Amino acid sequence: MPRTTTTPRAVALALALAGAALSAQAGADTIGTVDTAFKLLGRDHDIIVEAYDDPAVQGVTCYVSRARTGGIKGSLGLAEDKSEASIACRQTGPLSFAKAPLKKQEEVFSERTSILFKRLRVVRMVDPKRNTLVYLSYSDRLIDGSPQNSVTAVPVDRSTPIPLKD
């Protein structure tokens, strides 16, 4: 019986496609990109702006900008993106909350920024005293995270109390 072997390129391509599929499942809409450095082979280094709708709060959209590494490694999904991201969340429609009350703190979005160990995360926190939703973006790794972060807030009208889990 002949043995089949898997080449490193095939493995890299499969992992890159899996990473792209996970990113697509996150529900991000790409708003646009800006090139920051030309690369002769592969895509350029760029900054990508994506929109994420909060799955538990209808009417809130978070816009996240982050650096994306290009070149051959970046095109194949093998490069590690920088741990820098910016976030701005806004009310984009009438606010309504999912049927279940919100947790005081909950991760609402997560996206891979390297093939194995690094993720960009967005956490929603509720400030009940001010009736405000606070969103924090940061990057982490399996072993060592980054202190770089960005925060934004969406105030909710006092006539619409934010439902919280006890």
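Here's a quick rundown of the structure. Bear in mind the structure is a predicted one, so any value in this text is a computation, not a measurement.

1. Observations regarding the nonpolar core
Step number 1: In this structure, Val57, Val60, Leu102, Leu133 and Tyr135 are the most contacted members of the largest nonpolar core, which totals 21 residues.
Step number 2: Among the secondary structure elements, those contributing two or more residues to this core are strand S3 (57-68), strand S4 (85-97), strand S5 (105-112), strand S6 (118-127) and strand S7 (132-141).
Step number 3: Apart from the residues within four sequence positions on either side, Leu102 is in contact with Ala56, Val57, Phe97, Arg124, Val126, Leu133, Ile162, Pro163, Leu164 and Lys165.

2. Concerning unusual backbone geometry
Step number 1: The backbone of Asn131 shows a phi angle near 50 degrees, a positive value even though the residue is not glycine.
Step number 2: Inspection of the secondary structure assignment puts Asn131 in the loop between S6 and S7.
Step number 3: On the basis of relative accessibility, which here comes to 6%, the residue Asn131 falls in the buried class.

3. So, the state of the cysteines
Step number 1: Inspection of the entire model under this criterion finds one disulfide.
Step number 2: Covalent S-S linkage joins Cys62 and Cys89, the inter-sulfur distance amounting to 2.0 Å. Torsion about the S-S bond of the Cys62 and Cys89 cystine: about 105 degrees, corresponding to right-handed handedness. Of this pair, Cys62 sits in strand S3 while Cys89 sits in strand S4, and the two are 27 residues apart along the sequence.
Step number 3: Exposure remark for Cys62: the relative accessible area of 0% places this residue in the buried category.
Step number 4: Looking at Cys89, the relative accessible area reads 1%, which means it is buried.

4. Description of the pattern of salt bridges
Step number 1: Under the counting rule described, the total for this entry stands at five salt bridges.
Step number 2: Across the pair Arg66 and Glu50 runs a salt bridge, and its minimum N-O distance is 3.5 Å. Of the two residues, Arg66 is situated in strand S3 and Glu50 in strand S2 (residues 45-53); the sequence distance between them amounts to 16 residues.
Step number 3: Its salt-bridge partner being Asp127, residue Arg130 comes within 3.0 Å of it at the nearest N-O pair.
Step number 4: Residue class for Arg130 comes out partly exposed when judged on its relative accessible area of 48%.

About the criteria used
- Residues numbered from 1 in each chain as written.
- Predicted model: local features only at pLDDT ≥ 70, side-chain atom pairs only at ≥ 80, totals over all residues.
- Heavy atoms only, no water.
- Core = buried A, V, L, I, M, F, W, Y, C linked by side-chain atoms within 4.5 Å.
- Buried < 20%, exposed > 50% of the residue type's maximum accessible area, 1.4 Å probe, protein only.
- Helix = DSSP H or I, 4+ residues; strand = E, 2+ residues; numbered from the N terminus.
- Contact = heavy atoms within 4.5 Å.
- Disulfide = S-S within 2.5 Å.
- Salt bridge = Lys/Arg side-chain N within 4 Å of Asp/Glu carboxyl O.

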